[in-house]
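Architecture and fold: a report
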Amino acid sequence: MITLALSKGRIFEETLPLLKAAGIEVLEDPEKSRKLIIGTTRPDVRVVLVRATDVPTYVQYGGADLGVAGKDVLLEHGGQGLYQPLDLRIAKCRMSVAVRDDFDYDKAVKQGSRLRVATKYTSCARDHFADKGVHVDVIKLYGSMELAPLTGLADAIVDLVSTGSTLKANHLVEVEHIMQISARLVVNQAALKVKRESIRQIIDAFASAIPAE
Ligand code: ATP
Ligand code: MG
């Protein structure tokens, strides 16, 4: 049996065409069913639904053989024990720094003031500001980062941005792009050895179906 870990929502939706290219179709719609384990048209392949941030953990410890996870999630996890053969170029967005539209970010940085930064991505945020030589206090949040600068919890946030409309609706502006984000295929290293044939076939089929840049 091959187990593939996916998260509901954009990762699941955007992985479907890649699965199809590998001759695999899921038998249930996760938005309609409450099932956490979904069968596929290939009796030896199943999909498990986990939180996006749990995908690397499942694959690392062998709860799943393969998984699809955003680069953001993989950087925060650290990627230990994971083979990352493919950038799938799906679920694309960017990781950015944003502040209130009335906050003078350049001035704050130039003056060397200590910035308070709220984010779910504490490790990426620390690395980014350390590279710039900016002193920061990083505040860990689990969601609704946009609220932090509006309530005075933080001066800036580090968050994922795709269209920018959520920032705009909350009177925030993007002041720095940290990196481009897309989802990667991750593979358990032991599974790759033990189930080499079937996992190779899936990796190759995914590779040939990756959307063009
Ligand atoms: P949840 O929404 O359940 O709290 P999550 O935010 O981690 O969890 P998703 O919103 O499904 O889960 O995002 C999964 C992945 O999709 C992210 O890790 C990221 O790589 C990618 N992604 C692409 N565009 C965006 C976006 N606009 N906002 C957030 N994530 C995005
Ligand atoms: Mg989300």
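All of the points below concern the structure found in this document. (Residues numbered from 1 in each chain as written. Chains lettered and ligands numbered in written order. Predicted model: local features only at pLDDT ≥ 70, side-chain atom pairs only at ≥ 80, totals over all residues. Heavy atoms only, no water.)

**A short note on the site of ligand 1**
Counted only if it meets this: The cutoff for a nearby residue is simple: one of its non-hydrogen atoms must lie within 4 Å of the molecule or strand. In protein, a polar contact requires one atom able to donate a hydrogen and another able to accept it; more generally it is a pair of N or O atoms within 3.5 Å, and residues adjacent in sequence count only if both atoms are side-chain atoms. Residue-level accessible areas treat just the shown protein chains as cover; the underlying method is Shrake-Rupley with a 1.4 Å probe. Working definition: helices are DSSP H or I runs of at least four residues, strands are E runs of at least two. Numbering for both runs from the N terminus. In this classification, the charged set is Asp, Glu, Lys and Arg, the nonpolar set is Ala, Val, Leu, Ile, Met, Phe, Trp, Tyr, Cys and Pro, and all remaining amino acids, among them Gly, are polar. As used throughout, domain bounds are those supplied by an automatic or database domain assignment.
The environment of ligand 1 is formed by 15 residues, the closest being R10, R51, D72, A91 and S162. At 2.7 Å from an oxygen atom of ligand 1 is found a side-chain nitrogen or oxygen belonging to D72. At a separation of 2.9 Å, a nitrogen atom of ligand 1 approaches a polar side-chain atom of S162. Compared with its free state, where it exposes 600 Å², ligand 1 has 73% of that area covered by protein. Every element with two or more residues in the shell around ligand 1 is listed here: α1 (10-21) and α3 (71-77). Taken together, the residues of the shell around ligand 1 sort by class into seven nonpolar, two polar and six charged. Built from parts of two domains, the shell around ligand 1 gets at least three residues from each of domain 1 (2-91 + 182-209) and domain 2 (93-181).

**Concerning the pattern of salt bridges**
Note the cut-off: Take a side-chain nitrogen of Lys or Arg and a carboxyl oxygen of Asp or Glu: if they are within 4 Å of each other, that pair is a salt bridge. Buried residues are those whose accessible area, probed at 1.4 Å on protein chains only, stays under 20% of the maximum for their type, while exposed residues exceed 50% and partly exposed ones sit between those limits.
A complete count under the given rule lists 12 salt bridges for this structure. Between R89 and E213 there is a salt bridge, with its nearest N and O atoms 4.0 Å apart. Taken together, the residues span a long stretch of sequence, with R89 in the loop between β5 (82-87) and β6 (93-100) and E213 in the segment after α9 (196-209) at a distance of 124 residues. Judged by relative accessible area, which is 77%, E213 ranks as exposed. For D137, the salt bridge is made with R114, and the minimal N-O distance between the two is 3.1 Å. Residue D137 is located in strand β8 (residues 136-140), and its partner R114 is located in the loop between α4 (105-110) and β7 (115-119); the two are separated by 23 residues in the primary sequence.

**So, α9**
Note the threshold: In this scheme, a helix's expected span is set at 1.5 Å multiplied by one less than its residue total. To obtain the arc, one takes the directions from the helix axis to the C-beta atoms. Residue contacts are defined here by distance: any two heavy atoms, one from each residue, within 4.5 Å place the two residues in contact.
In this model, α9 (14 residues) spans 20 Å end to end at C-alpha, consistent with the 20 Å of a helix rising 1.5 Å per residue. For α9, the complete set of buried residues consists of I199, I202, I203, A205 and F206. One side of α9 carries all its buried residues, which in axial view fall inside an arc of 165°. Exposed positions of α9 whose direction lies more than 90 degrees from the buried face are E197 and S208. Where α9 is buried, its residues meet β1 (2-6), α1, β4 (66-70), β5, β11 (183-188) and α8 (189-194).

**What to know about the sheet that holds β7**
What holds strands together in a sheet is hydrogen bonding between their backbones, with the strands either parallel or antiparallel. As a reminder, the rule being used: Two strands are counted as paired when DSSP detects at least two bridges linking them. The angle between two axes is taken between their N-to-C directions and runs from 0 to 180 degrees, where each axis is a line fitted to C-alpha atoms and a helix contributes only its stretch in contact.
Strand order in the open sheet formed by five strands is β8-β7-β9-β6-β10, and the pairing between neighbours is mixed. Looking along the sheet, the strands with just one partner apiece sit at the ends: β8 and β10 (172-181). Ignoring which end each strand starts from, the neighbouring axes of this sheet average 30° apart. Where β7 lies against β8, five bridges are found, and the strand directions are parallel. Directly across from A118, in β8, lies its bridge partner I139. Contacts from helix α5 (residues 122-132) reach β6, β7, β8, β9 (156-161) and β10 within the one sheet, and its direction differs from that of β10 by about 100°.

**Here we look at the environment of Y83**
By secondary structure assignment, the location of Y83 is in strand β5. For Y83, a relative accessible area of 29% corresponds to the partly exposed category. In the structure, Y83 is positioned 106 residues away from Q189 in sequence and 5.9 Å away in space, judged by C-alpha atoms. Ignoring any residue separated from it by four or fewer positions in sequence, one finds Y83 in contact with L185, V186, V187, Q189, L192, R200 and I203.

**Some details on the pairing of β4**
Of all the five residues making up β4, five are buried; the element is thus mostly covered by neighbouring parts of the structure. Bridging between β1 and β4 involves two bridges; their strand directions are parallel. Paired with A5 across the bridge in β4 is G67.

None of this, on its own, says anything about what the molecule does.
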